[in-house]
Amino acid sequence: MREIQKIELRQLEISDFKNLTESMKAAYENWSGGWWDEHHIQKLIDIFPEGQLVIVADDEIAGCALSLIVDYDKFGDNHTYAKITGNYTFSTHDPNGDVIYGIEVFIKPDFRGLRLGRRLYDARKELCENLNLEAVVFGGRIPNYHKYSNELTPRQYIDKVKLKELYDPTLTFQLSNDFHVNKVIKGYMPGDDESEDYAVLLEWNNIYYVEQEPQLSDQKTVVRLGLIQWQMRPYNGIDELFEQIEFFVDAVSGYKSDFALFPEFFNAPLMAKYNHLSEAEAIRKLAEFTDEIRERFSKLAISYNVNIITGSMPKMDGPKLYNVGFLCRRDGTFEEYTKMHVTPDEAKYWGLTGGDNIKVYETDCGPIGVLICYDVEFPELPRILANDGMNILFVPFLTDTQNGYSRVRYCARARAIENECYVAIAGSVGNLPKVENMDIQFAQSVVFTPCDFAFPTTGIKAEATPNTEMILVADVDLDLLWTLHNKGAVRNLKDRRTDVYDIQLKKK
């Protein structure tokens, strides 16, 4: 046990990272899964600085406690560490949530036995009281269980620790700090061999919690979608194209839609002017309009008070040609998404390159995802987005034949079931003369739902008339997704065998 001259409990700062890493490595000597990267620590400090605490003893980090605020009803007791942290992105942090969720507590071995862990827990409890939150919850390791797993079940082991017949360095300490056991979770944190992949869900209740009166929320629970089933027709320049675009934006805004979804390559008619060029040269000419199109869409999003998903369009990045689109929020901000999987024809005739970025986008209607056409036929991508909290998946598409359309339709429908989310697809219809490789289009725009009692039995919320220019407007209730996650007849996300398999996005 070390003698300490000076000790301080304070908020973690990013300048502490090197010192923090040394302490983490010492605390988790037998388990590298306990080490956080710098970008993780920076994100936590950015979103919830008061929840990230360290004890500094003689200029060394002696201990650390990291936390989020979550809306616990969205997760319930049957969650994993990856789920509660948004697959380690911390997208689950909700300043309006009701529970402090502890994602880390450790004491450097040199400083154990000094009751420093108690200081961290007491500080976290005090924060819970000051923020008027209901409880502190976390999943605790049982690192001594591997010594007894051949003779005791997890429940038997926990009971013996409670009765002080056995000692567990983590659970014994947590029970002595007024936490009670709610549940044993299998597969909570795969790779924790000492705990045999088990964890104990622990809770401390704030007896001073005062329930707040319901208030108006900035985030809607019933979201209205406006899907544009776009008719391909010739246009004399970008101004004429935007006359048609603004007509549709005005229409969906008139129905108080929260989102407007345009199809993939809806601006292809502008290539008619370059039909004397090769397909590859013509689409690169089309890419010259992309920046202006994005700027015009952003202005429409603000003036018509609707979030616009702009379908997609070609964009040059150095020598490479990508298929991109934009989420133009009604607050004036925007983000770019890129098609990851290009079809053989897109590579052959246009020389398109697939992107390598996928993420969930935050909106005033909750987290959404966007995948372009062929991307939805790869189930790994929507699953990654679902792991990060996506509620609605938007899929702008372009298909020429019914075969191609059926691939997009049935894959999108499956993604809604697999990932317990809504999926909206919108495409173009009609014929387009004088544009090579864009002769015919076939589409039927649809909003798909999961298949359970709270949703239509077919899993179809609404669908457009095939091959007809029109707008499809549909409401989706985000609260029904929460009910499905926790009380559905089947629960595809919760029932995954993550102890056997997993899907992860590779780091670049």
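Residues numbered from 1 in each chain as written. Predicted model: local features only at pLDDT ≥ 70, side-chain atom pairs only at ≥ 80, totals over all residues. Heavy atoms only, no water.

Section: the overall build of the protein
Counting its secondary structure elements, the protein contains 13 helices and 22 strands. Taking 2.2 N^0.38 as the reference for a compact globule, 508 residues should give roughly 23 Å; the C-alpha atoms of the protein span a radius of gyration of 26 Å, in line with that estimate. The C-alpha extent of the protein, read off along each of the three principal axes, is 80 × 50 × 45 Å. By the burial criterion, 52% of the 508 residues in the protein qualify as buried. Counted over contacts in the protein with a minimum sequence separation of 6, partners at least 24 positions apart contribute 70%. Looking at the protein as shown, the accessible area adds up to about 23500 Å², and 47% of this sits on carbon and sulfur atoms. (Helix = DSSP H or I, 4+ residues; strand = E, 2+ residues; numbered from the N terminus. Rg over C-alpha atoms; globule rule 2.2 N^0.38 Å. Buried < 20%, exposed > 50% of the residue type's maximum accessible area, 1.4 Å probe, protein only. Contact = heavy atoms within 4.5 Å. Areas by Shrake-Rupley, 256 points an atom, 1.4 Å probe, with all protein chains shown as cover.)

Details of unusual backbone geometry
Of note, the phi angle at Asp58 is positive, near 50°, even though the residue is not glycine. Owing to a relative accessible area of 29%, Asp58 belongs among the partly exposed residues under this scheme. Within the chain, Lys256 stands out as a residue other than glycine whose phi angle is a positive 60°. Structurally, Lys256 can be placed in the loop between helix H7 (238-254) and strand S9 (259-261).

Brief notes about the packing of helix H11 (residues 380-387) against helix H12 (residues 402-419)
Running from N to C, H11 and H12 cross one another at 35°; their axes reach a closest spacing of 10 Å. The two elements H11 and H12 cross, and the hand of that crossing is right-handed. Judged by residue contacts, Pro382, Arg383 and Ala386 of H11 engage Arg415, Glu418 and Asn419 from H12. Classifying every residue of the contact of H11 with H12 by side-chain character gives two nonpolar, one polar and three charged. (Axes fitted to C-alpha atoms, helices over the stretch in contact; angles between N-to-C directions. Left-handed = near helix turned anticlockwise from the far one by under 90°. Nonpolar A, V, L, I, M, F, W, Y, C, P; charged D, E, K, R; others polar.)

Observations concerning the side chain of Asp197
Mapped onto the fold, Asp197 is located in the loop between strand S6 (180-186) and strand S7 (198-205). Buried and unpaired, Asp197 has Lys186 as its nearest opposite-charge partner, separated by 4.8 Å. Setting aside its immediate chain neighbours within four residues, Asp197 contacts Ile185, Lys186, Gly187, Tyr188, Met189, Pro190, Gly191 and Asp192. (Lys, Arg positive; Asp, Glu negative; His and termini not counted. Salt bridge = Lys/Arg side-chain N within 4 Å of Asp/Glu carboxyl O.)

What to know about the nonpolar core
If you look at the biggest cluster of nonpolar residues, it comprises 53 residues, and the most contacted ones within it are Leu225, Ile309, Ile368, Ile392, Phe394, Val423 and Ile425. Sorting elements by how many residues they give to this core places strand S17 (residues 422-426) first, with five residues. Discounting chain neighbours no more than four positions away, the residues touching Ile425 are Leu227, Leu261, Val395, Phe397, Tyr405, Arg409, Ala412, Gln444, Ser445, Val446 and Phe448. In terms of nonpolar packing, the next biggest core, distinct from the first, is built from 43 residues, Leu241, Ile245, Leu286 and Ala301 among them. (Core = buried A, V, L, I, M, F, W, Y, C linked by side-chain atoms within 4.5 Å.)

Remarks on a negative patch on the surface
Together, Asp345, Asp400, Glu436 and Asp439 make up a region of like negative charge exposed at the surface. Looking at the element boundaries, Asp439 is found in the loop between strand S18 (428-431) and strand S19 (440-441). On the accessibility criterion, Asp439 (48% relative accessible area) is partly exposed. (Patch = residues over 30% accessible without salt bridge, like charges linked within 9 Å, V, L, I, M, F, W, Y side chains within 5 Å. Charge placed at Lys NZ, Arg CZ, Asp CG, Glu CD.)

Topic: the packing of H7 against helix H9 (residues 290-303)
Interhelical geometry of H7 versus H9 gives an angle of 30° and a closest axis separation of 11 Å. What the angle tells us is that H7 and H9 run roughly parallel. As for the relative orientation of H7 and H9, their crossing is right-handed in sense. Of H9, the residues touching H7 (which contributes Ile238, Asp239, Phe242, Ile245, Glu246 and Val249) are Glu292, Ile293, Arg296, Phe297 and Leu300. Of the residues that constitute the contact of H7 with H9, the class distribution is seven nonpolar, no polar and four charged. (Parallel < 35°, antiparallel > 145°, perpendicular 65-115°, else oblique.)

A closer look at the domain arrangement of the protein
Per the domain assignment, the segments of the protein are domain 1 (7-205) and domain 2 (222-487). Computed over C-alpha atoms, the centres of domain 1 and domain 2 are 41 Å apart. Counting residues at the interface gives eight residues for domain 1 and five residues for domain 2. Both sides of the domain 1 and domain 2 interface together cover about 550 Å² of buried area, and 39% of this is carbon and sulfur. For domain 1, the biggest contributors to the area lost against domain 2 are Asp73, Asn87 and Ser91; these three give 52% of the whole. Counting the contacts that link domain 1 with domain 2 gives zero salt bridges. Scanning the region where domain 1 abuts domain 2 turns up three residue pairs in polar contact (both at pLDDT 80 or more). (Domains from an automatic or database assignment. Buried area = accessible area lost by both parts, 1.4 Å probe. Polar contact = N/O pair within 3.5 Å; in protein donor to acceptor, adjacent residues only side chain to side chain.)

Remarks on the pattern of salt bridges
Close approach of charged atoms allows side chains of opposite charge to pair. Going through the model one piece at a time under the given rule, you end up with 22 salt bridges. Between Glu60 and Lys108 there is a salt bridge; the shortest N-O distance is 2.9 Å. With Glu60 in strand S3 (residues 60-70) and Lys108 in the loop between strand S4 (99-107) and helix H4 (116-130), this residue pair connects regions lying 48 residues apart in the sequence. Its relative accessible area of 11% is what places Lys108 among the buried residues. Several salt bridges converge on common partners, so that one network encompasses Glu8, Arg10 and Asp16.

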